[in-house]
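Residue-level structure breakdown
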Amino acid sequence: MSSLSLNGRTVAVDADPNTPLLWVLRDHLHLTGTKFGCGAAQCGACTVHVNGQPTRSCVTPLTAVGDAPVRTIEGIGSDRVGSAVQAAWVAHDVAQCGYCQSGLVLAATALLQSTSRPTDAQIDAAMAGHLCRCGTYVRIRAAIHAAAASL
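Empty space within the largest pocket amounts to approximately 210 Å³. In terms of lining residues, the largest pocket is bounded by Phe36, Gly37, Cys38, Cys43, Ala45, Cys97, Tyr99, Cys100, Leu131, Cys132 and Arg133. Residue composition of the lining of the largest pocket, by class: 9 nonpolar, 1 polar and 1 charged.

This is the structure in structure tokens:
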């Protein structure tokens, strides 16, 4: 049994230390907002924050997390920047099927936490590797700019 700092609280985890964080979140802790997409860190659907950094949870073993705080889509709204990103996502009608959205929101939040007024090029770089099958990339960029302006 180990513990994990998750969304601002400590939770007990009964999982093999080599279990990918994605499966700890989904199967052991029943937080299903983080999605399995490709299993190879290529699509971004599984992105969470580990110690404030966007991290692909499908390839990150529990042991690699250690004591670092983890934030998921279920907890990002308690963060001022995360809340602004979520509001902008709704206002700009970004989500269609929604499958990739949790990873995109976490990546956008991390960007705005480090860069208060990102350029289009900075947004494109931060969102690179996040695949949206519905192709809402123009709305994603607009929502990030709107969230930045609201902060």
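The biggest cluster of nonpolar side chains holds 24 residues, and the ones touching the most others in it are Val85, Trp89, Leu104, Leu112, Met127, Ile140 and Ile144. When contributions to this core are tallied by element, the ones reaching two or more residues are helix 3 (80–91), helix 4 (101–114), helix 5 (120–127) and helix 6 (137–150). Take this core: its biggest share by element is 7 residues, from helix 4. Ignoring anything within four residues of it in the chain, the contact list for Val85 reads Val105, Ala108, Thr109, Leu112 and Ala147. The next biggest cluster of nonpolar side chains, apart from the first, holds 15 residues, and it includes Leu6, Val11, Val65 and Ala68.

Before going further, it helps to examine the side chain of Thr109. With respect to the helices and strands, Thr109 occurs in helix 4. Taking the relative accessible area as the measure of exposure, Thr109 reaches 0% and is therefore buried. For Thr109, the residues in contact, after removing those within four places along its chain, are His49, Ile76, Asp79, Val81, Gly82 and Val85.

With respect to the helices, strands and loops of the structure, Thr34 is situated in the loop between helix 1 (21–28) and strand 3 (47–50). Residue classification places Thr34 among the buried residues on the basis of a relative accessible area of 1%. Those residues within four positions of Thr34 in sequence are excluded, and the remaining contacts are Leu22, Leu25, Arg26, Ala45, Cys46, Val48, Ser57, Thr72, Ile73, Glu74 and Ser102.

With that settled, the discussion passes to the pattern of salt bridges. For the structure shown, the criterion picks out 2 salt bridges. Between Asp120 and Arg141 there is a salt bridge, with its nearest N and O atoms 3.7 Å apart. Taken together, the residues Asp120 in helix 5 and Arg141 in helix 6 connect sequence positions 21 residues apart. Classification of Asp120 as partly exposed rests on a relative accessible area of 37%.

Here helix 5 crosses helix 6 at 115°, and the two axes come no closer than 11 Å. The two elements helix 5 and helix 6 cross, and the hand of that crossing is right-handed. Facing Asp120, Ile123, Asp124 and Met127 of helix 5, the residues of helix 6 in contact are Ile140, Arg141, Ile144 and His145. Residue composition of the contact of helix 5 with helix 6, by class: 4 nonpolar, 1 polar and 3 charged.

Each value, and the rule that gives it
Residues numbered from 1 in each chain as written. Predicted model: local features only at pLDDT ≥ 70, side-chain atom pairs only at ≥ 80, totals over all residues. Heavy atoms only, no water. 1 Å grid on protein atoms, 1.4 Å probe; cavity = no way out; pocket = protein on both sides within 12 Å on 5 of 7 lines; lining within 4 Å. Points joined across faces, edges and corners; volume = space filled by probe spheres on them. Nonpolar A, V, L, I, M, F, W, Y, C, P; charged D, E, K, R; others polar. Core = buried A, V, L, I, M, F, W, Y, C linked by side-chain atoms within 4.5 Å. Buried < 20%, exposed > 50% of the residue type's maximum accessible area, 1.4 Å probe, protein only. Helix = DSSP H or I, 4+ residues; strand = E, 2+ residues; numbered from the N terminus. Contact = heavy atoms within 4.5 Å. Salt bridge = Lys/Arg side-chain N within 4 Å of Asp/Glu carboxyl O. Axes fitted to C-alpha atoms, helices over the stretch in contact; angles between N-to-C directions. Left-handed = near helix turned anticlockwise from the far one by under 90°.

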